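Each chain is listed here by its residues.
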Amino acid sequence: MRWVRPGDFSRDPDYFKDLTSVVVPGRMNDLWLAGAMAAVAAHPDALVENIFGSSPDDFKQFGVYTCRLYKNGKWVEVVCDTRLPCAPPLGGKKVEGLKAASSPCPITARSANAAEQWIPLLEKAVAKYHGSYEALNGGDVGEALVDLTGGSTETIELAAPEIQAWVESGRLWDLLELYVADAHICTALVEDKTVSVATDGNTELPASEGTGLFPNAAYSVVMVKHIVGFDLVRLACPWSSAMETRGHWTGDWSDDSTKWDDFPEVAETLRDDADSSFGFSNLRMVGAREAFAVGGGVTVTRSASSPATRTDTDEGGPRHCETSVKPVPSLDLPAGQALQAWEEALA
């Protein structure tokens, strides 16, 4: 392993090339952070671009850059040099964007296109703030989303009896509709503590049996919609391309599901919905009822983005990152109080 600057291992490096490109997990247990970064990048307001406080040319011209992180209730600026821990791709795997076939590439999380630098550079800024890359060995998607957005998070454990009651009553669906409509960042994952989330940058992530989703990997919820009698969720998968089947939902309303043939009006309605995909091609529809029964959790980061509630800066931080102006009740409230609170929030 050696420390290499982006211009020395990649062709024409830039912060951003294609925010919808596949995220390649690093050789450490950093999938939680990579998932949070991908979720922020999937937001239609391009929140991730506001995390970088320096000019896109600075990191190429001067070898330094600045990232803004939300820590301990305030925005802090982290200034880093651009040297990244790199090693040759394992197994001689071909990587798009490398300067030469023999060039090394980052061993941290990165874009499938090695010329796109925002992922490894942002991960380095987080590592510097915490003191080392080793400090990023395992973490929580919700905490990472707070650091990257300045919002507040709530994790909904789908296996909890009270949440399953909300599934049956339709209350959880109403809640998700509210969050997505208010442009909050929503992620979903299937938790499996028996599966390691560290990779070697070459080994494929294992898919969960019965769902096809990668365990412990965050997927962005980009659409929640009731269509001709069906509750459907659209997931953005940052871990594999649209042409791949690995890592994508395999249940009801998956690509090969017979539901599409049985109910063609659903596809027709989706084709007419120009705003449902946010420009992403690696999206899959998921039947909400079946998905809610899988277990795992949904993490919601409440960050209002309407022009009436956002500001350009907040102590130097990115815009679009305020806590929602509508207070959202805690899931820790007693059942009776929780139901009343949610009725008021959904009114």
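About the criteria used
Residues numbered from 1 in each chain as written. Predicted model: local features only at pLDDT ≥ 70, side-chain atom pairs only at ≥ 80, totals over all residues. Heavy atoms only, no water. Helix = DSSP H or I, 4+ residues; strand = E, 2+ residues; numbered from the N terminus. Contact = heavy atoms within 4.5 Å. Areas by Shrake-Rupley, 256 points an atom, 1.4 Å probe, with all protein chains shown as cover. Buried < 20%, exposed > 50% of the residue type's maximum accessible area, 1.4 Å probe, protein only. Core = buried A, V, L, I, M, F, W, Y, C linked by side-chain atoms within 4.5 Å. Pairing = 2+ DSSP bridges. Patch = residues over 30% accessible without salt bridge, like charges linked within 9 Å, V, L, I, M, F, W, Y side chains within 5 Å. Salt bridge = Lys/Arg side-chain N within 4 Å of Asp/Glu carboxyl O. Axes fitted to C-alpha atoms, helices over the stretch in contact; angles between N-to-C directions. Parallel < 35°, antiparallel > 145°, perpendicular 65-115°, else oblique. Nonpolar A, V, L, I, M, F, W, Y, C, P; charged D, E, K, R; others polar. Phe/Tyr/Trp six-rings, centres within 6.5 Å; stacked < 30°, edge-to-face > 60°. pLDDT = per-residue confidence, 0-100.

### Remarks on the overall build of the protein
- If you tally the helices and strands in the protein, you get 12 helices and 13 strands.
- Long-range pairs, those at least 24 residues apart, make up 70% of the contacts in the protein with a sequence separation of at least 6.
- Here the protein displays about 15500 Å² of accessible surface, and carbon together with sulfur accounts for 49% of that area.

### Thoughts on unusual backbone geometry
- A positive phi angle, close to 65°, is found at A183, a residue other than glycine.
- Inspection of the secondary structure puts A183 in the loop between helix 8 (171–181) and strand 9 (185–189).
- In the Ramachandran plot, N216 falls in the positive-phi region, its phi being about 65° despite a non-glycine side chain.
- Position of N216 relative to the elements: it lies in the loop between strand 9 and strand 10 (219–227).
- Classification of N216 by relative accessible area gives buried; the value is 13%.

### Topic: the nonpolar core
- In terms of nonpolar packing, the biggest core is built from 75 residues, with F52, L122 and W239 touching the most fellow members.
- Examining the composition of this core, we find that 10 residues originate from one element, helix 2 (residues 31–41), more than from any other.
- In this structure, F52 is in contact with Y15, F16, Y65, T66, C67, R68, W118, L121 and L122, ignoring residues within four places of it in sequence.
- Membership of the second largest hydrophobic core comes to 7 residues, among which are M223, I227, W253 and V266.

### Things to note about the side chain of T108
- Locating T108 in the fold gives a position in the loop between strand 6 (105–106) and strand 7 (110–111).
- Judged by relative accessible area, T108 falls into the buried class, the value being 1%.
- Apart from residues no more than four positions distant in its own chain, T108 is found in contact with V24, G26, M28, D30, P85, P120, E123 and Y133.

### Looking at the sheet that holds strand 6
- In spatial order, the strands read 1-5-6; together these 3 strands make up an open sheet with antiparallel pairing. Every interior strand has two partners, whereas the edge strands, strand 1 (2–4) and strand 6, have only one.
- As defined by bridge partners, strand 5 (residues 84–87) adjoins strand 6 across 2 bridges and the pair is classed as antiparallel. The residue of strand 6 that forms the bridge with A87 is C105.

### Structural notes on a nonpolar patch on the surface
- Taken together, the side chains of F62, V64 and V79 define a hydrophobic patch exposed on the protein surface, amounting to about 270 Å² of accessible area.
- Relative to the helices and strands, V64 resides in strand 3 (residues 64–71).
- V64 sits in the partly exposed class, given a relative accessible area of 36%.

### A closer look at the packing of helix 7 (residues 161–169) against helix 8
- Interhelical geometry of helix 7 versus helix 8 gives an angle of 85° and a closest axis separation of 5 Å. As summarised for this structure, helix 7 and helix 8 are arranged roughly perpendicular, according to the angle between their axes. Counting all contacts with helix 7, which are made through I163, W166, V167 and S169, the residues of helix 8 involved are R171, L172 and L175.
- Counted by class, the contact of helix 7 with helix 8 contains 5 nonpolar, 1 polar and 1 charged residues.

### Some words on the packing of aromatic side chains
- Throughout the structure, instances matching the rule amount to 12 aromatic pairs.
- Judged by centre distance (6.3 Å) and plane angle (40°), the ring pair of W3 and Y133 falls under tilted. Of this pair, W3 sits in strand 1 while Y133 sits in the loop between helix 5 (118–130) and helix 6 (141–149); the two residues are 130 residues apart in sequence, bridging distant segments of the chain.
- Given the relative accessible area of 45%, W3 is considered partly exposed.
- Of the residues examined, Y133 reaches a relative accessible area of 16% and is grouped as buried.
- Arranged with centres 6.3 Å apart and planes meeting at 40°, the rings of W253 and F263 form a pair that is tilted. Taken together, the positions of W253 in the loop between strand 11 (230–236) and helix 9 (259–262) and F263 in the loop between helix 9 and helix 10 (264–271) put the pair 10 residues apart, joining distant regions of the chain.
- By relative accessible area, which is 3% here, W253 ends up buried.
- Classification of F263 by relative accessible area gives partly exposed; the value is 26%.

### Describing the confidence of the model for the protein
- Confidence in the prediction of the protein, expressed as mean pLDDT, is 75, and 71% of residues score 70 or more.
- When pLDDT is averaged over each element of the protein, helix 5 comes out on top at 95 and helix 12 (residues 335–346) at the bottom at 47.
- For residues 274–283, every residue scores under 50 in pLDDT, and the model assigns this stretch 28 contacts once sequence neighbours within four places are set aside.
- Residue range residues 304–336 is modelled with pLDDT below 50. Its contacts to residues more than four positions away, or to other chains, number 72 contacts.

### Observations regarding helix 2
- Among the 11 residues that make up helix 2, 11 are buried, leaving the element largely enclosed by the rest of the structure.
- If you check which residues of helix 2 are buried, you get L31, W32, L33, A34, G35, A36, M37, A38, A39, V40 and A41.
- Residues of helix 2 that are buried make contact with strand 2 (23–24), helix 3 (47–51), helix 5, helix 6, strand 9 and strand 10.

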